[in-house]
Amino acid sequence: MLVLFVMVRLADRFTLTTIALALVFAGALGNVHDRIAYGSVVDFIEVHIFSYHWPDFNIADSSVVTGACLLLLDSLRHKKTPVQ
């Protein structure tokens, strides 16, 4: 709910933070939908590269991770401070 609240507060701005929060919220909502509809989160993408098997994942998980990484990158980015 906190993510939704922050998104509503930042709705008039189109920034990296709002995109990241939207990804996190959409991914969480997708996982909640799976929990309610199926009783568990459905992982449906399975990747094999030669003999290596990558752990299964879904689009919602990818969205949450991508959003979290964008938030981290945005927090590390140097922001200009206003001159007083």
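Residues numbered from 1 in each chain as written. Predicted model: local features only at pLDDT ≥ 70, side-chain atom pairs only at ≥ 80, totals over all residues. Heavy atoms only, no water.

K.L.:
Teacher, can you tell me more about the overall build of the protein chain here?
P.N.:
Across its full length, the protein chain carries three helices and two strands. Tracing the protein chain from N to C terminus, the helices and strands come up as α-α-β-β-α. Relative to its full complement of 84 residues, the protein chain shows a buried share of 15%. A fraction of 46% describes how many contacts in the protein chain between residues 6 or more apart in sequence connect residues 24 or more apart. By element, 69% of the accessible surface of the protein chain is carried by carbon and sulfur atoms, the whole surface being about 6800 Å². (Helix = DSSP H or I, 4+ residues; strand = E, 2+ residues; numbered from the N terminus. Buried < 20%, exposed > 50% of the residue type's maximum accessible area, 1.4 Å probe, protein only. Contact = heavy atoms within 4.5 Å. Areas by Shrake-Rupley, 256 points an atom, 1.4 Å probe, with all protein chains shown as cover.)

K.L.:
Honestly, helix H2 (residues 16-38) in this entry has me stumped. Any pointers?
P.N.:
Residues three or four positions apart in an α-helix share a direction because the helix packs 3.6 residues into each turn. Across its 23 residues, H2 extends 33 Å between first and last C-alpha, which sits within 8% of the 33 Å expected from 1.5 Å per residue. Those residues of H2 lying buried are Thr18, Ala20, Leu21, Val24, Gly27, Asn31 and Asp34. One or two steps after H2, the chain reaches Gly39, where phi turns positive at roughly 85°. (Expected span 1.5 Å × (residues − 1).)

K.L.:
For this particular structure, what's the right way to read the confidence of the model for the protein chain?
P.N.:
For the protein chain, per-residue confidence averages 84 on the pLDDT scale, and residues scoring 70 or more make up 87% of the total. Mean pLDDT values over the elements of the protein chain span from 71, in helix H1 (residues 2-9), up to 92, in helix H3 (residues 59-76). (pLDDT = per-residue confidence, 0-100.)

K.L.:
So what exactly am I meant to see when it comes to the pairing of strand E2 (residues 52-57) here?
P.N.:
Both faces of the sheet carry side chains from a regular strand, because those side chains alternate between them. Direction of pairing for strand E1 (residues 45-49) relative to E2: antiparallel, over a ladder of four bridges. Each bridged residue has a counterpart across the sheet, and for Val47 the counterpart in E2 is Trp54. If you look at the hairpin formed by E1 and E2, you'll find two residues sitting between the two strands, and Phe50 has a positive phi there, around 55°. (Pairing = 2+ DSSP bridges.)

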